[in-house]
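# Architecture at a glance
One-letter residues, chain by chain:
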Amino acid sequence: MIKVKNILCIGAGYVGGPTMAVMALKCPQYNFHIVDINQSRIDAWNSDNLPIFEPGLEEVVKEARGRNLKFSTDVEQGVKDAEMIFVSVNTPTKTFGLGAGEAADLQYWEKTARMIAEVSESSKIVVEKSTLPVRTAEAMSRILKSNSKDISFEVLSNPEFLAEGTAIQDLLNPDRVLIGSEQTKSGLQACQELVNIYKEWVAAEKVLTANIWSAELSKLVANAFLAQRVSSINSISALCEATEANVEEVSLAIGTDTRIGSKFLKSSVGFGGSCFKKDILNLVYIAQSYGLQEVADYWRQVIIMNDYQQERFVLKMIKNMFNTLAGKKILILGFAFKANTGDTRESPAIYVTKKLLEEHASVIICDPKAIESAKIELKDCKGTIEYEIDPYKAAEECHAIALMTEWSSFKLLDYAKIYKSMVKPAFLFDGRNILDHQEIHKVGFNVYPIGKEALTN
Ligand code: NAD
Ligand code: UDX
């Protein structure tokens, strides 16, 4: 039986960093070591300038770092020293070969599994933290057990449900923790070791144990269901615009039905982020590979609807700005895929910006935390792109504003002042429905919300 004292996490990203920092904070009796092959990321974790922006993260890291939490690039030594290893490396959508555009790219994950098998000198519990296709643990076990040494490995699946922007709150107070294991004596013992860690701060009834395949599949399904709600309400936003219904009134009316619930019914320019699209595509690919074409088509529609919502947003801009954007300057207000993060992966702002550039508009991008990531996302784009952190300066001489991220600071801006500095007629397309549209209309703007009547002058 493996007794755990030293815990390693491979992958110091959006999941590995915050997850281990919170565990270290809550479990001072264990040692936590987070490793990554990316030296600059590790340097940032060891500095005052953390590599990711997440409310509350800095305080947690400052308290635990140097006590029972350390960051390094010494992956192999980390593996040797640990009894439990979380694998939290990236698992993006495959861009080449079989399954390109749908299947998960498991190369980082497999390299990690092989490396663990190679360098381990004692038995270990290996925990899948990354989101992986169902039955990946089987492959993980086979790679680990193919080592010739006289040591054993137990593989657990412990998918992470945190959302960016609220990661620390989600980790401190999760709806549930899910741990899948093999239903053998040693599998259940390994599972108990991980349950013991979570029980330090999570109520026992919230720690769910399951068979390993259910745990792996549940993560993909949770993301698919959440994204499906956003696509469902977004499909209705198009119908609202055509019928003079108001999507916010519809959301409220259906969301107050306790069987439906109010969350994830906010209509928007579309969902973004590193998880939803990738995980649904992964589910689609798995369904297809089991010959379940109807199941695959059903879930693919969630993504088709999301693409349509982004396309519809740009078409609305073109149509209402007299069918031409050439030579017009447009402010992209917000570039992150959601508020309270600097993450721009799969942000709808990327699609919208690229389409506007194709129309020969010039764009200026303003975001409180995502300007550096925006520069990387758009580095290969042709056309005029400027970046400006000050929204007032950014709006000067613009023909239109496209609001892409629901940063609360954008609600507090002085839109009368902004209007004055813009080219008239001035347009505002609120891709997140966060502004007071009546007020902004009074100031002089032509306002185009999502799923609600436009207010024009
Ligand atoms: P990320 O890209 O931010 O971090 C992954 C890290 O792993 C990178 O820093 C990379 O350098 C490192 N890495 C890759 N190969 C390595 C190796 N061989 N050795 C050491 N380090 C290596 O990714 P993320 O957003 O943290 O996501 C990680 C996993 O968690 C993914 O499977 C994702 O689907 C899942 N997940 C993400 C979120 C989220 O909100 N971002 C939420 C839940 C689950
Ligand atoms: C998601 C899941 O919520 C989380 O449980 C999982 O672990 C990782 O994937 P994340 O991508 O960080 O988290 O953010 P989330 O809050 O789910 O938002 C995803 C996208 O949907 C964002 O672009 C957000 O703006 C959009 N969204 C969300 C809407 O457009 N409307 C809503 O009502 C909710």
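Nothing here was measured: the structure is a model prediction, and the numbers come from that model.

What counts, and where the lines are drawn
- Residues numbered from 1 in each chain as written.
- Chains lettered and ligands numbered in written order.
- Predicted model: local features only at pLDDT ≥ 70, side-chain atom pairs only at ≥ 80, totals over all residues.
- Helix = DSSP H or I, 4+ residues; strand = E, 2+ residues; numbered from the N terminus.
- Buried ≥ 20, exposed ≤ 12 C-beta atoms within 10 Å, placed from the backbone.
- Contact = placed C-beta atoms within 7 Å.
- Core = buried A, V, L, I, M, F, W, Y, C linked by C-beta atoms within 7 Å.
- Domains from an automatic or database assignment.
- Pairing = 2+ DSSP bridges.
- Axes fitted to C-alpha atoms, helices over the stretch in contact; angles between N-to-C directions.
- Near = placed C-beta within 6 Å.
- Nonpolar A, V, L, I, M, F, W, Y, C, P; charged D, E, K, R; others polar.
- Right-handed = clockwise from strand over helix to strand, strands pointing away.
- Parallel < 35°, antiparallel > 145°, perpendicular 65-115°, else oblique.
- Left-handed = near helix turned anticlockwise from the far one by under 90°.

The next thing to look at is the overall build of the protein chain. Regarding its fold elements, the protein chain presents 17 helices and 14 strands. Reported as C-alpha extents along the three principal axes, the dimensions of the protein chain are approximately 75 × 50 × 45 Å. Counting across all 457 residues of the protein chain, residues that qualify as buried make up 46%. The contacts in the protein chain between residues at least 6 apart in sequence include a share of 74% that link residues at least 24 apart.

Further remarks concern the nonpolar core. With 70 residues, the main nonpolar core has Leu331, Ile332, Val352 and Ala402 as its most contacted residues. Counting residues domain by domain, this core receives three or more from each of domain 2 (221-304) and domain 3 (310-448). Counting 57 residues, the second largest nonpolar core, distinct from the first, contains Val22, Leu69, Val89 and Ala113.

This part takes up the sheet that holds strand E12 (residues 400-403). The strand order across the open sheet formed by six strands is E11-E10-E9-E12-E13-E14, and the pairing between neighbours is parallel. The open sheet has two edge strands with one neighbour each: strand E11 (385-387) and strand E14 (446-448). Geometrically, the sheet is characterised by an average inter-axis angle of 20 degrees between neighbouring strands, direction not taken into account. As paired elements, strand E13 (residues 427-430) and E14 share three bridges and run parallel to each other.

Moving on, we come to the site of ligand 1. Not every one of the 27 residues close to ligand 1 is listed here, only the nearest: Gly11, Gly13, Tyr14, Ser130 and Thr131. Considering every element that reaches the shell around ligand 1, the biggest residue donor is helix H5 (residues 107-119), with three residues. Of the residues in the shell around ligand 1, the class split is eleven nonpolar, eleven polar and five charged.

Residues in contact with ligand 2 amount to 19 residues; listed here are only the nearest, Lys266, Ser268, Phe271, Gly273 and Cys275. Per element, the largest residue contribution to the shell around ligand 2 is three residues, and it comes from helix H9 (residues 212-243). In the shell around ligand 2, the residues fall into eleven nonpolar, four polar and four charged. Looking at the shell around ligand 2, you find at least three residues from each of domain 1 (6-202) and domain 2 (221-304).

Take the domain arrangement of the protein chain next. Examined at the domain level, the protein chain breaks down into domain 1 (6-202), domain 2 (221-304) and domain 3 (310-448). Each of domain 1 and domain 3 has a C-alpha centre, and the two are 37 Å apart. Taken residue by residue, the interface counts seven residues in domain 1 and seven residues in domain 3. Partitioned by chemical class, the residues of the side of domain 1 that touches domain 3 number four nonpolar, one polar and two charged.

Bringing unusual backbone geometry into the picture now. Cis geometry marks the peptide bond from Lys424 to Pro425, where omega comes out at -5 degrees. The topology assignment puts Pro425 in the loop between helix H16 (415-420) and E13. Phi is positive for Asn323, close to 60 degrees, though the residue is something other than glycine. Examined against the element boundaries, Asn323 turns out to sit in the loop between helix H12 (293-320) and strand E9 (329-333). A residue is classified by how many C-beta atoms lie within 10 Å of it, and Asn323, with 8 of them, is exposed. Here His360, not a glycine, exhibits a phi torsion of approximately 65 degrees, which is positive. Here His360 is to be found in the loop between helix H13 (348-358) and strand E10 (362-366).

Attention shifts here to the pairing of strand E5 (residues 124-128). Two faces, one strand: in a regular strand the side chains alternate between the faces of the sheet. With five of its five residues buried, E5 lies for the most part within the structure. Judged by which residues are buried, E5 turns out to be covered on both faces: Lys124, Val126 and Glu128 on one side and Ile125 and Val127 on the other are all buried. Where strand E4 (residues 84-87) lies against E5, four bridges are found, and the strand directions are parallel. When the sheet's bridge partners are listed, Val87 is paired in E5 with Glu128. Handedness of the β-α-β unit built from E4, H5 and E5 comes out right-handed. Bridging between E5 and strand E6 (residues 153-157) involves five bridges; their strand directions are parallel. Paired with Glu128 across the two strands is Ser157, which belongs to E6.

Where helix H1 (residues 16-26) contacts helix H3 (residues 57-64), the axes come no closer than 9 Å and their chain directions differ by 55 degrees. Classified by the interaxial angle, the pair formed by H1 and H3 is oblique. Where H1 crosses over H3, the handedness of that crossing is left-handed. Counting all contacts with H1, which are made through Pro18, Ala21, Val22, Ala24 and Leu25, the residues of H3 involved are Leu57, Val60, Val61, Glu63 and Ala64. Each residue belonging to the contact of H1 with H3 can be placed in one class, and the counts come to nine nonpolar, no polar and one charged.

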